[in-house]
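Single-letter residue listing:
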Amino acid sequence: MTTTRRDLFKFAGGAAVGALLSPAPWRLITDTALWSENWPGIPRPARGEISAKFTNCTLCPAGCAVKARCVGAQPVSLAGVAGHPMSRGALCPFGIAGHHLPYHPERLRSGPVQRVAEEVARAMAARQTSEYVAVFDPRPGRTASWTYRRALHAIPGGLYIRPAAPWSGAAVNLDAARIVVSFGMPLLDGWGTPGNVVAAREHFRLIQVEAVESRTAAMADLWLPVRPGQERALAAALAGGTAEGTGIAQELVRQVAGELATNGPALVLGPADWPEIAELNRQCGAAGRTIVARRETPVPEAWQPGAAETGWSAVEDGSLRVLLIDEGAGGGDYVPWSTIERKLAPGAAVVAFTGTPEGYARHANYALPVAVYPEAVDDIPAAVDSPVAVFRLSASLVAPPEGLVSATDFVSHLAGIDAAAALRERADAICAAGRGRVFQTASGAVTALKEMKPDDFWKALSEGGCWLDEPDPKAPPPELSTGAAGFTASFAIAETRGAGLVSPLLSKLHEESHLRLGKHEVALHPSSGFRDGDRAALETGCGRILVVVRRDSSVPPGVVQAAAGADLIDLCGAAESARVVRL
Amino acid sequence: MGKIWLVAGLAAGLGAGWVAFPYAIYQRRPQPVDFSHKVHAEKAGQKCEDCHSLREDGSFAGIPGLDKCAGCHAAPMGTTVAEKNFIEQYVTPNRQPQWMDYARQPENVWFSHATHVKLGGMKCEACHGDMGSSDGLRVYQQDRISGYSRDIFERPARLVSLRRTGGMKMDDCVDCHRRNAMEQSCLDCHK
């Protein structure tokens, strides 16, 4: 018997059919898929004891208390802390996914630290007497802010710059409000402390004045769809003027004004530099009732006096020789680059301390990487809706990688001051003041500060605790002064977040589900003639960027709704109007 | 003649797929200690939760550490070779046995024993089979490609089986939740 090639083929064919009728190929498919989950480079959470650690979120000024479930030393999930007097157990979607940020693929991890130090030293040496060495602190009120002020006080020509302060020394007491009129503020979508706002929401009537039906407008008791650019006119109408041209009927305006006068205590929220908002609050007696004076968290006497706080409007054009921007503390106000650029001297050294290549890193000469939440140890000043001063720390839950820089260390080194123990020094100063109470996250207990020793207080803070000041009964009602009023744009920015890392998983969920506008997406009324997915250019007086159009019947005709990021704020933040051009 | 080759190939393929492959895919390793659940349950009167306990926070302690074993076996309680070896090799030098966990889930799975046992009222046997009455520990079989224990795919009752016996894959979890009309979503297990 001879074996032919045809026989071998038949054997192979039979074997192949036999194998296909067995579990082997299907199991190999499963195994290969599972094997791919263990490829090198795929993060693997550590095994170990399961424990809970407590901290406070630094992603926005709310500073919500956080309980981290850790496996070994690795946080694997974050949740709110029940019973917390301000955050009240809530944590927003950004906070829930905060532990993803150290592993963000776009995170900055290295930078030319030595070269930047030399460059800044050269620029400081070359400074003219009329020029400044400035630090821009988008998130003032922190202990780090005081370190900058101390350092800049010691540096010749030092200048501390902060964003415009709404009603300096005052805060909103939502619990006292029975009617709230909001001019475009995202009250139910990221404004203030989410848990506190939601808890207070049961007790007040909300009237939202906004050109587009935002999420806050959709959940308000009454939405006034004002004509874009006429918000200030409507505020003036509520204060006693005419509603003509605002798109809202005079009778309805009269009715809302009547509610403000009779159904108080009332509160009117809006951009801090609109005199109409201050006037409305004055008329309805908000000062001292729903807008209350708030003391600053105590600081050590040795730190005083620091450099004065300066707003961008007070900085002379072309006067900054060195500008150091602390963008590491997330959730700060992003000032459009065009506002900053004109303040720079020719050839100025600009350094951004940041965790992201977006934001000011796009414009600075150098970007140096900093620790991100929850790596960084920092304190979080009181949010706008906290009637009393607070002091809480963000503990480090994840060890930061090598090669990062601390902006405060960099600046204090320039001035030759030692600020390594600044947080502890401030905690001791609070303890010495002896007022207020301390919420301890692990036990939920509230203890009077005067009953605690400094070491115990520091331990409580390090474990996520929160010090709350007591109200000052002698404090006079705050003055609702306003600065120079700006313009009102005829387009709407949907999200007010500036630059900052956001969990990729969160972005995917929100953007692919169309819950929020994605990056570089704009929404237009169907009558605009665009189709869903059309590519277009968004143009303002500051430039243009390419966008994708989404049709949305809730956006009024003639209005562009854009999802903000740092580049969109740069484009739109200083522009009165925008247009979308078909490509 | 040609049909014989075809049938022979078919038989070889079936044999390889049903017998040789399931044998070859697993790496076999003995457990470090010859442990008898049966002896501990019957002679010492112990229950599952005496050693495989839930912590105060509800998390599952898993396989007990040496401290738990040494509490009773600091000195021999019987005359078996297995106990003598265990004391000499682990208890006396205070060396933890490197147990291989038949039910180890992958890193991306969060499973709560407390939820299933206390709230759901499930018996240990529903997932782990008759482990509690076994007289010795099975050889640990690890998939050479995926690295998973064989128990995740099926309980190894026999080498060749037309019907799966047990298993702890995601499909098994979903099937059980559906059968019992329980809620299920991705984030329940994949935190």
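This text follows the structure it describes.
This brings us to the interface of chain A and chain B. Listed per partner, the contact involves 28 residues of chain A and 25 residues of chain B. Elements supplying a minimum of two residues to the side of chain A that touches chain B: helix 1 (5-20), helix 2 (24-36) and strand 3 (74-80) of chain A. Per element, the largest residue contribution to the side of chain A that touches chain B is twelve residues, and it comes from helix 1 of chain A. Classifying every residue of the side of chain A that touches chain B gives 14 nonpolar, seven polar and seven charged.

Attention now goes to the sheet that holds strand 12 (residues 309-310) of chain A. Residue and element names in this part refer to chain A. Across the sheet, six strands lie side by side as 12-5-4-13-14-15; this open sheet has parallel pairing. The sheet is open, and its two edges are formed by strand 12 and strand 15 (366-369), each paired on a single side. Here six bridges tie strand 13 (residues 320-326) to strand 14 (residues 344-354), and the two strands are oriented parallel to one another. Note on strand 14: the bridge partner recorded for V322 is A349. Contacting strand 4 (132-136), strand 5 (158-161) and strand 13, helix 5 (residues 143-154) runs over the sheet at an angle of about 155° to strand 5.

Turning next to the pairing of strand 13 of chain A. Residues and elements named next belong to chain A. Most of strand 13 sits inside the fold, with seven of its seven residues counted as buried. The pairing of strand 4 with strand 13 spans five bridges and is parallel. Bridge pairing links Y132 to L320 in strand 13.

So, about the packing of helix 5 of chain A against helix 12 (residues 407-415) of chain A. Residue and element names in this part refer to chain A. Relative to each other, helix 5 and helix 12 sit at 20°, their axes nearing to 8 Å. Between helix 5 and helix 12, the crossing angle belongs to the class labelled roughly parallel. Of the two elements, helix 5 crosses helix 12, and the hand of that crossing is left-handed. Residues A144, T147, Y148, A151 and A154 of helix 5 lie in contact with helix 12, whose contacting residues are T408, V411, S412, L414 and A415. Residue composition of the contact of helix 5 with helix 12, grouped by class: seven nonpolar, three polar and no charged.

Let us now look at the nonpolar core. A134, V322, L323 and V351 of chain A are the most contacted members of the largest nonpolar core, which totals 164 residues. Broken down by element, this core gets its largest block of residues, eight residues, from strand 14 of chain A. Not counting residues within four places of it along the chain, the set of residues in contact with V351 of chain A comprises V116, V120, L324, A364, N365, Y366 and L368 of chain A. F11, A19 and A24 of chain A together with L10 of chain B belong to the second-largest nonpolar core, a separate cluster that totals six residues.

A few words now on the pairing of strand 23 (residues 535-540) of chain A. Residues and elements named next belong to chain A. Sheet analysis places strand 23 next to strand 24 (residues 543-551), joined by six bridges and oriented antiparallel. Bridge pairing in strand 24 places R535 opposite V548. Between strand 23 and strand 24, which pair antiparallel in sequence order, lie two residues. Inspection of the sheet shows strand 23 paired to strand 26 (residues 579-582) by four bridges, in the antiparallel sense. Within strand 26, the position partnered with A537 by the bridge is V581.

Moving on to unusual backbone geometry. In this chain, G264 of chain A is followed by P265 of chain A through a cis amide linkage whose omega measures 0°. Within the fold, P265 of chain A resides in the loop between helix 9 (250-262) and strand 10 (266-269). The backbone of R88 of chain A sits at a positive phi, close to 50°, despite the residue not being glycine. Among the structural elements, R88 of chain A can be located in the loop between strand 3 and helix 3 (93-96). Since 20 C-beta atoms lie within 10 Å of it, R88 of chain A is described here as buried. Positive phi, close to 55°, is recorded for A181 of chain B, a residue that is not glycine. Structurally, A181 of chain B is set in the loop between helix 9 (170-179) and helix 10 (186-189).

Rules used throughout
Along each chain, residues carry numbers from 1 onward, in the same order as the chain's sequence is written. For this description, chains carry letters from A and ligands carry numbers from 1, given in the order in which they are written. The model is predicted, so local features are restricted to residues of pLDDT at least 70 and side-chain atom pairs to those at 80 or more, both for listing and for counting; the totals for chains, interfaces and linings are taken over all residues. Throughout, a pair of residues is in contact if the C-beta atoms placed from their backbones lie within 7 Å. Going along the chain from the N terminus, every DSSP run of H or I of four or more residues is numbered as a helix, and every run of E of two or more is numbered as a strand. Amino acids are sorted into nonpolar (Ala, Val, Leu, Ile, Met, Phe, Trp, Tyr, Cys and Pro), charged (Asp, Glu, Lys and Arg) and polar (every other residue, Gly among them). Between any two strands, pairing holds if DSSP finds at least two bridges. Axis geometry follows a simple rule: fit a line to the C-alpha atoms, using only the stretch in contact for helices, then measure angles between N-to-C directions, giving values from 0 to 180 degrees. Buried residues are those with 20 or more other C-beta atoms within 10 Å of their own C-beta, exposed residues have 12 or fewer, and partly exposed residues lie in between; C-beta atoms are placed from the backbone. Geometric relationships in this document are graded by angle, where less than 35 degrees denotes roughly parallel, more than 145 denotes roughly antiparallel, 65 to 115 denotes roughly perpendicular, and other angles denote oblique. By convention, the crossing between two helices is left-handed when the near helix turns anticlockwise from the far helix through less than a right angle, and right-handed when the turn is clockwise. The term nonpolar core refers to a set of buried Ala, Val, Leu, Ile, Met, Phe, Trp, Tyr and Cys residues connected through C-beta atoms within 7 Å.

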